[in-house]
Structures are given as structure tokens and as C-alpha cells.
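The lines below spell out each chain.
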Amino acid sequence: MKSVFRTFFLFCLTTLLISQAFSQTGYKNPIIPGFNPDPSVCRVGDDFYLVTSSFEYFPGLPIYHSKDLINWKQIGHCLTRDSQLSLHKVSASGGLYAPSIRYHDGLFYVICTNVSDKGNFYCTATDPAGPWSDPIWVDIKSIDPDIFWDEDGKTYFVTQGDEGIRVTEIDIKTGKVLSPERLVWGGIGGRFPEAPHIYKKDGFYYLLLGEGGTEYMHSATIGRSKNIFGPYESCPLNPILTHANRRGQGNTIQGVGHADLVQAKDGSWWMVFLGFRVTHQWAYYHVLGRETFLAPVDWPKGGWPQVNGNGTVSLNMDVPTLPIYPVEKAAIRTNFDADKLGFEWQYLRNPIRENYSLTEKKGWIRISTSPYTLNETEAISMICRRQTEHDFRAETLLEFNSSANNEEAGMTLIQNNTHHYDLLLKKSGSQYIVQLRVKVGSLSYIAGEKQVKSNKLKLKIEGTPSQYAFYCAEADSDNFNELGRLDTRYLSTEVAGGFTGVMIGLYTSSNGKPSKAKAYFDWFDYDVKR
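Quick caveat, the model's predicted, so the values are computed rather than measured.

What counts and how
- Residues numbered from 1 in each chain as written.
- Predicted model: local features only at pLDDT ≥ 70, side-chain atom pairs only at ≥ 80, totals over all residues.
- Heavy atoms only, no water.
- Helix = DSSP H or I, 4+ residues; strand = E, 2+ residues; numbered from the N terminus.
- Rg over C-alpha atoms; globule rule 2.2 N^0.38 Å.
- Buried < 20%, exposed > 50% of the residue type's maximum accessible area, 1.4 Å probe, protein only.
- Contact = heavy atoms within 4.5 Å.
- Areas by Shrake-Rupley, 256 points an atom, 1.4 Å probe, with all protein chains shown as cover.
- Lys, Arg positive; Asp, Glu negative; His and termini not counted.
- Charge placed at Lys NZ, Arg CZ, Asp CG, Glu CD.
- Disulfide = S-S within 2.5 Å.
- UniProt positions renumbered as here; feature names shortened; annotations may be inferred.
- Domains from an automatic or database assignment.
- Buried area = accessible area lost by both parts, 1.4 Å probe.
- Salt bridge = Lys/Arg side-chain N within 4 Å of Asp/Glu carboxyl O.
- Core = buried A, V, L, I, M, F, W, Y, C linked by side-chain atoms within 4.5 Å.

(A) Local environment of the overall build of the chain. Regarding its fold elements, the chain presents two helices and 39 strands. A compact globule built from 530 residues would reach a C-alpha radius of gyration of about 24 Å, and the chain, at 24 Å, matches this within 12%. Principal-axis analysis of the C-alpha atoms places the extent of the chain at approximately 75 × 75 × 45 Å. Residues classed as buried in the chain amount to 59% of the 530 residues present. Considering only intrachain contacts with a sequence separation of at least 6, the fraction spanning at least 24 residues in the chain is 58%. Here the chain displays about 21,700 Å² of accessible surface, and carbon together with sulfur accounts for 51% of that area. Looking at charge distribution, the chain has the averaged site of its 54 positive side-chain charges lying 3 Å from that of its 57 negative ones.

(B) Geometry of the state of the cysteines. According to the stated counting rule, one finds zero disulfides in the structure shown. Here Cys42 is not cross-linked by a disulfide; its sulfur's nearest cysteine counterpart is in Cys78, at 12 Å. Taking the relative accessible area as the measure of exposure, Cys42 reaches 6% and is therefore buried. Among the residues examined, Cys78 registers a relative accessible area of 1% and is labelled buried.

(C) Highlighting the side chain of Glu378. Following the sequence through the fold, Glu378 ends up in the loop between strand S28 (365-368) and strand S29 (381-386). Beyond its immediate sequence surroundings of up to four residues, Glu378 is in contact with Lys89, Leu348, Arg349 and Tyr372.

(D) Geometry of the UniProt feature "active site" (unreviewed entry) in the chain. If you check UniProt for "active site" (unreviewed entry), the listed places come out as Asp38 and Glu194 in our numbering. These annotated residues cover 157 residues of sequence, but their C-alpha atoms sit close together, with the largest distance between any two at 10.8 Å. In this structure, Asp38 sits in the loop between strand S1 (25-28) and strand S2 (40-44). With a relative accessible area of 5%, Asp38 lands in the buried category.

(E) Expanded view of the domain arrangement of the chain. Under the domain assignment, the chain is made up of domain 1 (25-321) and domain 2 (333-528). Centre-to-centre separation of domain 1 and domain 2, based on C-alpha positions: 33 Å. The partner domain 2 presents 38 residues to the 40 residues of domain 1 that form the contact. In total, about 3,400 Å² of surface goes out of reach between domain 1 and domain 2, with carbon and sulfur atoms giving 55% of it. Summed over the shared surface of domain 1 and domain 2, the result is three salt bridges. Salt-bridge contacts for Glu378 lead to Lys89; the nearest nitrogen and oxygen are separated by 2.4 Å.

(F) A look at the nonpolar core. Core analysis: the largest hydrophobic core is formed by 64 residues, its most contacted members being Phe336, Ile383, Leu413 and Phe470. Among the elements that make up this core, the one with the highest residue count is strand S33 (residues 431-440) (five residues). Once you skip the residues sitting within four places of it in the chain, Phe470 turns out to touch Leu413, Tyr421, Leu423, Leu436, Lys460, Ile461, Asn481, Glu482, Leu483, Gly484 and Leu486. Of all hydrophobic cores here, the second largest spans 42 residues; its members include Val41, Leu69, Tyr206 and Phe293.

(G) Local environment of the environment of Leu294. One can find Leu294 in strand S22 (residues 291-298). Distance from Leu294 to Val272, taken between C-alpha atoms, is 4.6 Å for residues 22 residues apart in sequence. The residues contacting Leu294, other than those within four sequence positions of it, are Tyr27, Asn29, Ile31, Leu69, Ile70, Trp270, Met271, Val272, Phe273 and Met317.

(H) Structural context of the pattern of salt bridges. As enumerated under the stated definition, the model contains 30 salt bridges in all. Residues Asp82 and Arg353 are paired through a salt bridge, measuring 2.8 Å at the closest nitrogen-oxygen approach. In this pair, Asp82 sits in the loop between strand S6 (73-79) and strand S7 (96-104) while Arg353 sits in the loop between strand S26 (347-348) and strand S27 (356-357), placing the two residues 271 residues apart along the sequence. Accessibility expressed as a relative area gives 39% for Asp82, which makes it partly exposed. Between Asp525 and Arg333 there is a salt bridge, with the nearest N and O atoms lying 2.7 Å from each other. Taken as a pair, Asp525 in strand S39 (residues 518-528) and Arg333 in strand S25 (residues 333-334) lie far apart in primary sequence, 192 residues in all. Classification of Asp525 as buried rests on a relative accessible area of 6%. Assessed through its relative accessible area of 38%, Arg333 is described here as partly exposed. Put simply, Arg333, Arg393, Glu395 and Asp525 are held in one network by salt bridges that share partners.

Here's what the structure looks like:
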């Protein structure tokens, strides 16, 4: 009897889990929060893979995996070796622009532009988690590339030119250009026609692109032709995605565009695209960078794609979904006890590797002080991760072995080298002090200061849509003292410019002088409210 009951119980439990996995209505946008712009997606069997831009950060081009287009897990980066990616002295928002990910004949391809190096390239891998090949460079002087394989066996490079979208035949084994670039479509008249992707469906070549610039007038438009070189007929629904209209003007999500389309195994179509979440305390500001969003697409045979019914999206999408496959939630605490950093951690430009160690002091990361400061476009001594939500807590335990007043270590919220807030520990004579320092364009000042007992200290930053609050506490205490509160808007894209989002960094610097100081971080907490 017990055996029968157990079998029945397991059957019911399995049935319940299957029903939960395969039935859901609705999901939350963005699907990949924080600085994850220019998404491109492909499907292989039951699996989806997605890549986003990374600009001046190393490793380059994060790769994500999903079974349902909603729940994503990062599985690696495309560019992890210095031989693949040179970011030496790259300026803010330089580096890697607008990748695409594709799969063809057993190989994955990531196609991208390094605007600070040789331009357009692609890398290949049999496993999207890597390793990826060194870049194969393509001598085409435009940006936002994609690759399209036609049914006749020819391979085309699709890029953004000054006047519109260009198509060029290439040799996929070598990257050699086989034909002149041909301008095929300029879009519907919006500025900066970019982000081209070509799809072959129902006898038509469909050409999807972004227009209006990657700001508040951004949009996605589409045209089609019976010939890959055109002429392209504009969709009567254009733009098929935009919030630059009355319907979208009050939406928390703005700047939607730079999209890619993918068909699921069940035949349904979906669009991934970038957008950004704004705060409304002082009109529109966004600090998280451009993020990755998702929308369902109705694309009838022989017809035009229609995005979410009316070309707009929301934070809470009340639509049928694919079968749901949740991924493991990220841990709040990083203990630095593994032999390498997690995929969420990055460096600003190519790191000086001897400045970092996860083994010198077990359970701590050591960051050796370098003369480079957060104000420079150099390989500063810092690891950092994305701010992914407006409401968050970031906290760490720091031990700083320093002997000079010019040396500092701590946490930073960095948008770029001219806009950052720094919570730092340093010596002042024979004492240690904590400072809250502001760098906003040409302005730099100390917003708060407190003397502390030792070189070992807890640092904490809490965020809301409108403010960042900065705290410190002795290493053996949870009694935090507030150093100050600063407006988030001065780290926003609207103020700081550029294409990235706020990163939370652990850093050290000797401010231009030689140094043997070392900063040790025991753990790092990142907790969000969503």
C-alpha cells in the first residue's frame, strides 16, 4: 500500500511541476536588467542564446542562455583573452558596439564592431559558453554588423552605413570581401538607421533596423523585398516598435529599439530589444543604462510582424508565454573563495592581471594599488558589476594595507571616468578616514568625511530611484554611520552622456604615485528589490 501511495504521490507531484513549468501568463520586463544594450538572439533546438554590447569593459560581449526567453543565465563572454580584445586607453563608451549572435552549420557566430580597434569582426565557437576563436576581421568600414546566409549558399555581411543599410557578400571562412557594398534601404526617414538584421520568410527578405538614435526617439522599423538588394517596401505599421509617440510618452520604459527577432519551436515569434527605465522625480533620467526587453510578435504568413498588438510594451507583460524554465537566483553574497570571479564581474579595459589575486589571502580578493585613478581612461585597479535595479544594497568588508596619504581604496558608483561617486578609505597622517567624494564633470569635491579606528572597515551603498546613500561601520559592527546622500541624476546618461550604465566597483589607487599598497575585500553583497 505504501508503495502504491508513494507512486501516486510522485505522479501527482510530477504532474503539478509539469503544469507549472508549461503554463504561465505574463512576465516582467526587462528580462536582462542593468547595462545590457543592443541584444541579439538566436535559437538552436530548445535553447536560446543572447549577446549584448559591453563597450570598454573586459571580458567583452556577455553571452546568456534561456529555455523560455524570460529567464536568462549568463554562461560566459565571447571575448575573454587579450588577443581577442584590445581596450588599451579606450575612452568611455568606446570599444565593442552592437553584436549579433547567429548559428549556422554547427557553428555559433558572434559578429561585432570594435570601434577602437580594427572595426568589424566575427568569432566562432562550437559551444556558446566558449572558448571562442580569435576575431576574423572584415574590411568593411561601417558598424552594427550581422551575417546572413542565403539559400543559394552565399554569405552576406549586413551593416550600417551613413545613408542606410548596406549588404556585401563575404567569404565566411576568411572574412574576405567578395563584392562591393550595396546600399539597400535607408529606412523610413529617422536619423541613424542602424542595427540591421535580415530574415528570410515566406519568399521575402525582411530587413529590420533601428531608427531615431538610441535615445528617446528610438524605434524599430522593417521593410521587405523579393531581392536581398532591394528595393525594400516599408511596412505600413512602421515603426513597429516605439515609445516616441503619445501612446508611449508616459511609459516608464523609454528609448525602445535596436531589436532582433526569433521564432520559438512552437512557431511563435518574439522580439528582444533595448530600452531604458526612467525615473520621474526630475523629468526623465536613467542611470541603469539600456537594458534588454522582450515582446511577443504576431507575424502571419505573407504578412507583416506586429509587436505586442500596438508597438509598445510595459514592465508587466500580461501575455501568454513559452513553457517556463526558471533559473537559479543569483546569490546575494560573493565570498571570493572560488578560483575565479563570477561572470557578473568585469574590469574596466584590459586588466593588469598581476594586480589581482584570489589565492593570496584565502577567501579574499586582493587588488594591488596602481597609480591610475577613476578619472583616467586607463586599466585602473578595479573589479565591477552592473547596477541592475534602482532599489539596491551593496556592501563589502575592506582591509586596506596602506602607508601613504595618497593611497585609497573603497567602493565606487561609476558611470564613466568623468562621473562617479566614491566611498573610500585612506590614511590622514597617522589616522584613517572615510570620505565620500563626488566627481561630476569638471566638479570634484568631498561630500562627507569621518575618522575611523582602523584600516578594516565595512562600506555600504543603498540606492533608490532618486538617491544614493553612503555608509561605513567598523569591521566588527553593524552600526553604520551615514556619510551623505547624493542625487542619482548626476550619474544618469542624460547628464554623463555615453552608452553604458552605472557599475558598482571595488577599487584602489595611489593617485599617480608609485605604491605597494594592497586592498583586500572579504566579501561583497548585492541585494535588490524588484
